[in-house]
Amino acid sequence: MTKPYRVVITDLIVEPLTFERKVLGEIAEVVALDVLSEAELVGRIEEADAIMVYHYFRFTKASIDRLQRCKVIVRPGVGYDGIDIGAARARGIPVCNVPDYGTEEVADSAVAMAVSLARGSHFLNSRLKRGIGAWNVDQALPVPRLRGRRFGIIGCGRIGTAAALRAKAFGFDVAFYDPYLKDGVDKALGIAREMSLARLLATSHIVSLHCPLTQETRNLIGEREIAGMPKGSFLINTSRGGVVDTLAVIDALAKGHLAGAAIDVLEKEPPEVDSPVLAAWRNPDHPAHDRLLLNPHTAFYCDEGCEEFRTKGSLEVLRALTGEPLRNVVN
Ligand code: NAD
């Protein structure tokens, strides 16, 4: 029997579409295109009643303008910087995200990487594997006690808050910079608030980024900002690659200004094989090698969260197709 609607998943998710069909199967034909570039969408999305877009490419005005009857574009994830939400708004198409499926996992990853770096675990493991240094703590020195050191959070939304609670449990003096939060968030969480980014950077032993990628936050952290962090401090980026100038991070590691950095997100993903970041990370002779922790944009992932974002994304599509109010419109 033909179903009244057609839902197209552009990328990342492939058959079996168990979670999507559980929610949408009765009213919609659900197809996964499994493409890696926007160009491959031509001729395959025009008739869609709803689109689910992940993150392998930018979903631009060119694609949006070809949609003939689309009622919603769902990004079954948090960051929607890959979708031209203005172009969708101009066409009257709501764009919705799924903001909460991985709040805890990203915070877990950020704080886990921070502590692994700041305790010397990553550095020692990396060197030991290559047979470098004595079988004692000498090579990791100095290692300051973490209790009372400042854990600085940029962007204290869902993930930033979850990271703050975790960092507090480690005994850090937690502080945040977020110009968009109302007064009192610091008191509700029992942490400090800095009203200037420069001051948060200058006073933190660890800085962890949890803001979205916007025009304002693009290259928020570059050479000048890193120079404003204390010598021997750490930088953690699980937000978006475009927020941080990763080459400036490598440079600061190589010069010994930063003692460590963890990067889960890069401006271009996956990176080119000859990218300077990968080169430094792979090359045991590069001075940043042992101090750089790299992950392939996986801070969000856990099996339960994956089911959650696919199911919640499908439920948002269902609401759009059946005329129910949408929950997480971002445009
Ligand atoms: P959120 O919207 O709940 O919180 C973001 C916070 O950043 C808000 O409080 C906002 O006021 C603040 N902010 C905005 N502009 C800022 C600026 N210029 N300076 C400082 N703060 C600013 O979002 P969230 O759920 O906490 O997610 C945060 C980001 O994490 C997402 O936008 C996404 O890019 C990233 N993310 C990454 C992964 C991953 O796997 N690495 C997974 C999920 C989300």
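**Q** Got a minute to help me understand the site of the ligand in this structure?
**A** If you check the shell around the ligand, you find 28 residues, and the closest are Arg 158, Ile 159, Asp 178, Thr 238 and Asp 264. At 3.3 Å from an oxygen atom of the ligand is found a side-chain nitrogen or oxygen belonging to Arg 240. Its residues assigned to classes, the shell around the ligand comprises 16 nonpolar, 7 polar and 5 charged. Built from parts of two domains, the shell around the ligand gets at least three residues from each of domain 1 (5–101 + 303–322) and domain 2 (103–294).

**Q** I tried to follow the nonpolar core on my own but got confused; where do I start?
**A** Soluble, globular proteins show a tendency: their nonpolar side chains are buried together. Of all hydrophobic cores here, the largest spans 52 residues; its most connected members are Val 7, Phe 151 and Val 317. It is helix α4 (residues 103–118) that contributes the most residues to this core, 9 residues altogether. Two domains each put at least three residues into this core: domain 1 (5–101 + 303–322) and domain 2 (103–294). Each residue touching Phe 151, except ones within four places of it in the same chain, is listed here: Val 111, Ala 114, Ala 167, Phe 172, Asp 173, Val 174, Ala 175, Ser 204, Ile 206 and Ser 208.

**Q** Got a minute to help me understand the domain arrangement of the chain in this structure?
**A** Often, the extent of an interface is quoted as the loss of accessible area upon association of its parts. Segmenting the chain into domains produces domain 1 (5–101 + 303–322) and domain 2 (103–294). Spacing between the C-alpha centres of domain 1 and domain 2 amounts to 32 Å. Residue-level contacts link 6 residues of domain 1 with 5 residues of domain 2. Between domain 1 and domain 2, the buried area comes to about 500 Å², and carbon and sulfur atoms account for 39% of it. The three residues of domain 1 that bury the most area against domain 2 are Asp 81, Pro 99 and Tyr 101, which together make up 65% of that side's buried surface.

**Q** Can you walk me through the pattern of salt bridges in this structure?
**A** Pairing of side chains with opposite charge becomes possible as their charged atoms draw close. Under the counting rule described, the total for this entry stands at 21 salt bridges. Across the pair Glu 267 and Arg 218 runs a salt bridge, and its minimum N-O distance is 3.2 Å. Residue Glu 267 is found in the loop between β11 (258–263) and α11 (276–282), and its partner Arg 218 is found in the loop between β9 (206–209) and α9 (223–227); the two are separated by 49 residues along the sequence. The class for Glu 267 is exposed, based on a relative accessible area of 54%. The salt bridge partner of Lys 268 is Glu 272, with a shortest N-O separation of 3.5 Å. Lys 268 sits in the partly exposed class, given a relative accessible area of 46%. Linked through salt bridges whose partners overlap, the residues forming this network are Arg 150, Asp 173, Glu 194 and Arg 199.

**Q** In this structure, what is going on with the side chain of Arg 150? I would like to understand it.
**A** Of note, Arg 150 is situated in strand β6 (residues 150–154). Here the side chain of Arg 150 touches Thr 203 through a polar contact of 3.0 Å, side chain to side chain. Arg 150 has contacts with Asp 173, Ala 175, Ala 192, Glu 194, Thr 203, Ser 204, His 205 and Ile 206, leaving out every residue within four places of it along the chain.

Rules used in this analysis
Residues numbered from 1 in each chain as written. Predicted model: local features only at pLDDT ≥ 70, side-chain atom pairs only at ≥ 80, totals over all residues. Heavy atoms only, no water. Near = heavy atom within 4 Å. Polar contact = N/O pair within 3.5 Å; in protein donor to acceptor, adjacent residues only side chain to side chain. Nonpolar A, V, L, I, M, F, W, Y, C, P; charged D, E, K, R; others polar. Domains from an automatic or database assignment. Core = buried A, V, L, I, M, F, W, Y, C linked by side-chain atoms within 4.5 Å. Buried < 20%, exposed > 50% of the residue type's maximum accessible area, 1.4 Å probe, protein only. Helix = DSSP H or I, 4+ residues; strand = E, 2+ residues; numbered from the N terminus. Contact = heavy atoms within 4.5 Å. Buried area = accessible area lost by both parts, 1.4 Å probe. Salt bridge = Lys/Arg side-chain N within 4 Å of Asp/Glu carboxyl O.

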